[in-house]
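The residues making up each chain are set out below.
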Amino acid sequence: MPLLASLLLSTFFAINAKPKLPSAQEQSARAMLANFIASRFVAAAAEFNDALRPQITPALLARVKDDLNAKVGAFQAVTAVNHLSQDGFRVVELVAKFEKAPVSVRVVFDIENKIGAVYFNPILPPPVDAALETMARDLLANVEAGRIDEAAKHFDDTMRKQLTPPNLADLKNKLLITYGKLQSITEVRQRVQPPYRIIDVIAVCDHSPLAFRVAFDAQNRIAAVHISPNISQ
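Residues numbered from 1 in each chain as written. Predicted model: local features only at pLDDT ≥ 70, side-chain atom pairs only at ≥ 80, totals over all residues. Heavy atoms only, no water.

1. Topic: the nonpolar core
Then comes step 1: Within the largest apolar cluster, 25 residues are counted, with the highest numbers of intra-cluster contacts made by Leu 139, Phe 155, Leu 168 and Leu 210.
Then comes step 2: Those elements that provide at least two residues to this core are helix 5 (130–145), helix 8 (165–179), strand 6 (196–205) and strand 7 (210–216).
Then comes step 3: Aside from chain neighbours lying at most four places away, what touches Leu 139 is Ala 151, Phe 155, Phe 212, Val 214, Ile 222 and Val 225.
Then comes step 4: Membership of the second largest hydrophobic core comes to 24 residues, among which are Phe 48, Leu 61, Ala 96 and Ala 101. (Core = buried A, V, L, I, M, F, W, Y, C linked by side-chain atoms within 4.5 Å. Buried < 20%, exposed > 50% of the residue type's maximum accessible area, 1.4 Å probe, protein only. Helix = DSSP H or I, 4+ residues; strand = E, 2+ residues; numbered from the N terminus. Contact = heavy atoms within 4.5 Å.)

Printed below as a string of structure tokens:
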């Protein structure tokens, strides 16, 4: 086949390729969620099967929505769709972005493609490890107070080489000049960034809010420290 004809044929097929449409189950799950978000609870339950309908009534859906609003705020968008299996049944998981946290909306379909179960599970951050929180708070307090030996007590070998006593003294001065004196800690969060666990200490200072991030290795040693303005405030 001549090269030009081959290119034209490829273009023809590309133009006429049909986009992949959502499955019937995904469309049903999205419709249920859209009605739920809009407080159309009778419509949200329209595709429930006979076993689920008496259990998950429109009144119960309204209470679930009120509870979700209190925990995670307003709905914003569906950010991901996962097609799964549970005990041999098809499951569509809609990962929905809400104001405060994402929510896993899992919709289980029976053999007749009716909705047999619905789960609304906020994807909340892990609880803060008390020991790591104490070490992160102590590190911030010791750096601000210039207690150099105490500040370095839980450093791993690499951190000891990087944040030497002169560097820690310099860090104290930069903290004071850039952010001012520490006033209060407003929030502590924990997240995982393999292979580390990260403790975020959010603090209010004289000049600007501070995000003090401490990375811990598997042995609970401090492997990294990052300081930046807390732009979320």
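2. Re helix 4 (residues 58–72)
Then comes step 1: Here helix 4 spans 21 Å end to end across 15 residues, near enough to the 21 Å set by a 1.5 Å rise per residue.
Then comes step 2: Residues Leu 61, Lys 65, Leu 68 and Val 72 constitute the buried set of helix 4. One side of helix 4 holds all its buried residues, which, seen down the axis, span an arc of 65 degrees. Of the residues in helix 4, the exposed ones pointing more than 90 degrees away from the buried face are Arg 63, Asp 66 and Ala 70.
Then comes step 3: Close packing links the buried residues of helix 4 with helix 2 (24–37), helix 3 (41–44), strand 2 (89–98), strand 3 (102–109) and strand 4 (115–122). (Expected span 1.5 Å × (residues − 1). Arc of directions from axis to C-beta.)

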